[in-house]
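This is what each chain is made of:
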Amino acid sequence: GQYVYIVFHAVHLEEHKSLELSALELDIFMGKNYIVTYHEKPIEVLDRLWSSVPVDVNCLEYGSDHLLYKILNDLVGSYLLVYAALDDEIDQLERMVFGRQSPDTLERIYNLKRIILHLRRLIFPEREVLNKLSREEYEAIDLRAQVYFRDVYDHLVRLHDLTESMHDLIAGTLETYLSMVNNRMNEVVKVLRSEEHTSELQSRITI
């Protein structure tokens, strides 16, 4: 009708012993001459945007739909920082897998896999939201503004593709890790069997 209601998410990587993805829900109500956001915790991207409004007349001059575009575009832009950190984590894990394996390596692989799956569950519906905003007609959104939402949609499509690529990479890393651990275990078993056979021969000779 006269307004649109959107659910989006702000994401942030928290670094403790291992990486942890924090996803904050953001509810947005937008009409012809107003926009209301609701979130339970502070969102850094929004804080920066609101602080820039008084000095950036373009934020308000072009209407609430343009401000909605700014919010969504800045949120999607912040996703890139998360993906850059995940890319570094994958590089580190690949070096660890081909170096000395440890239970900590396996834990980090599974943790990264969980994060990537979480991102996939977030981005897929957000991509569909932007697709609707860029193609369907809404009373609260000027048709001329749809091109801006299409730009954000394109960013989300690329992020979705990147998520799939990272998922494949981490799956390959896990497979390589398990294969190398299995090979090392086989080598240990061969050595033990060889030592057991040698010990048995020595015992026979002694007898």
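Within each chain, residue numbers correspond to sequence positions counted from 1 in written order. Reporting in this predicted model follows two pLDDT cut-offs: at least 70 for local features of residues, and 80 or more for side-chain atom pairs to be given and counted; totals over whole chains, interfaces and linings ignore these cut-offs and use all residues. Excluded from the side-chain calculations are hydrogens and water; all other atoms, namely the structure's heavy atoms, are used.

**Q** So what exactly am I meant to see when it comes to the pattern of salt bridges here?
**A** Opposite charge on two side chains lets them pair, provided their charged atoms get close. A pair is scored as a salt bridge if a Lys or Arg side-chain nitrogen falls within 4 Å of a carboxyl oxygen belonging to Asp or Glu. Considering all chains together, one arrives at 6 salt bridges under this definition. Residues Asp 142 and Arg 144 are paired through a salt bridge, measuring 3.0 Å at the closest nitrogen-oxygen approach. Buried residues are those whose accessible area, probed at 1.4 Å on protein chains only, stays under 20% of the maximum for their type, while exposed residues exceed 50% and partly exposed ones sit between those limits. Accessibility expressed as a relative area gives 67% for Arg 144, which makes it exposed.

**Q** Would you mind going over the nonpolar core with me for this structure?
**A** One recurring pattern in soluble globular proteins: nonpolar side chains tend to sit buried together. Residues Phe 8, Leu 86, Leu 130 and Phe 149 are the most contacted members of the largest nonpolar core, which totals 51 residues. Elements that contribute at least two residues to this core include exactly strand E1 (3-15), strand E2 (19-31), helix H1 (44-52), helix H3 (64-97), helix H4 (103-135) and helix H5 (146-206). Considering each element in turn, this core owes the most residues, 14 residues, to H3. Nonpolar cores were defined as sets of buried Ala, Val, Leu, Ile, Met, Phe, Trp, Tyr and Cys residues, with membership established by side-chain atoms within 4.5 Å. For the purposes of this entry, the term helix denotes a DSSP run of H or I that reaches at least four residues, the term strand denotes a run of E that reaches at least two, and both are numbered from the N terminus.

**Q** So what exactly am I meant to see when it comes to the environment of Arg 127 here?
**A** Along the polypeptide, Arg 127 turns up in helix H4. Here Arg 127 falls in the buried class, since its relative accessible area comes to 15%. For the pair Arg 127 and His 160, spaced 33 residues apart in the sequence, the C-alpha separation amounts to 8.3 Å. Apart from residues no more than four positions distant in its own chain, Arg 127 is found in contact with Tyr 153, Leu 156, Val 157 and His 160. Note on definitions: a residue-residue contact is assigned when non-hydrogen atoms from the two residues lie within 4.5 Å.

**Q** Help me out: how do you make sense of the sheet that holds E1 in this one?
**A** Sheet strands pair via backbone hydrogen bonds, and the direction of the pair is either parallel or antiparallel. Spatial strand order, E1-E2-E3: 3 strands in an open sheet with antiparallel pairing. The open sheet has two edge strands with one neighbour each: E1 and strand E3 (34-38). Looking at each pair of strands side by side, their axes are set apart by 25° on average, direction ignored. In this sheet, E3 lies alongside E2 in antiparallel orientation, the contact comprising 5 bridges. Within the sheet, the bridge partner assigned to Phe 29 lies in E3 and is Val 36. Criterion used throughout: strands pair if DSSP finds at least two bridges between them. Under this scheme, a helix contributes an axis fitted over its contacting stretch, all axes are lines through C-alpha atoms, and angles between N-to-C directions fall in the 0 to 180 degree range.

**Q** Got a minute to help me understand a nonpolar patch on the surface in this structure?
**A** Residues enter patches when they are more than 30% accessible in relative terms and free of salt bridges; like-charged ones are connected within 9 Å and nonpolar ones (Val, Leu, Ile, Met, Phe, Trp, Tyr) within 5 Å. Only the protein chains shown count as cover for residues, and all accessible areas are computed by the Shrake-Rupley method using a 1.4 Å probe. Together, Tyr 3, Tyr 5, Val 7, Phe 29, Tyr 34 and Val 36 line one region of the surface with nonpolar side chains, adding up to about 540 Å² of accessible area. Of all elements in the fold, only E1 and E3 reach the threshold of two or more residues within the nonpolar patch. Per element, the largest residue contribution to the nonpolar patch is 3 residues, and it comes from E1. Along the chain, Phe 29 falls in strand E2.

**Q** Explain the packing of H1 against H3 to me, please; I cannot follow it from the model alone.
**A** When two helices pack together, you describe them by how their axes are tilted relative to each other and by the distance separating the axes. One way to put it is that H1 packs onto H3 with a least axis distance of 9 Å and a crossing angle of 140°. Viewed along their axes, H1 and H3 adopt a mutual orientation that is oblique. For the pair H1 and H3, the sense of crossing is right-handed. Within the contact between the two elements, H1 uses Val 45, Leu 46, Leu 49 and Trp 50 and H3 uses Leu 67, Lys 70, Ile 71, Asp 74, Leu 75 and Ser 78. Throughout this entry, Asp, Glu, Lys and Arg are counted as charged residues, while Ala, Val, Leu, Ile, Met, Phe, Trp, Tyr, Cys and Pro are counted as nonpolar. The remaining residues, Gly among them, count as polar. For the contact of H1 with H3, the residue count by class is 7 nonpolar, 1 polar and 2 charged. Note that the term roughly parallel is reserved for angles under 35 degrees, roughly antiparallel for angles over 145, roughly perpendicular for angles of 65 to 115, and oblique for everything else. For a crossing to be left-handed, the near helix must be turned anticlockwise from the far one by less than a right angle; the clockwise case is right-handed.

Everything listed here is a matter of coordinates, which is why it stays silent on function.
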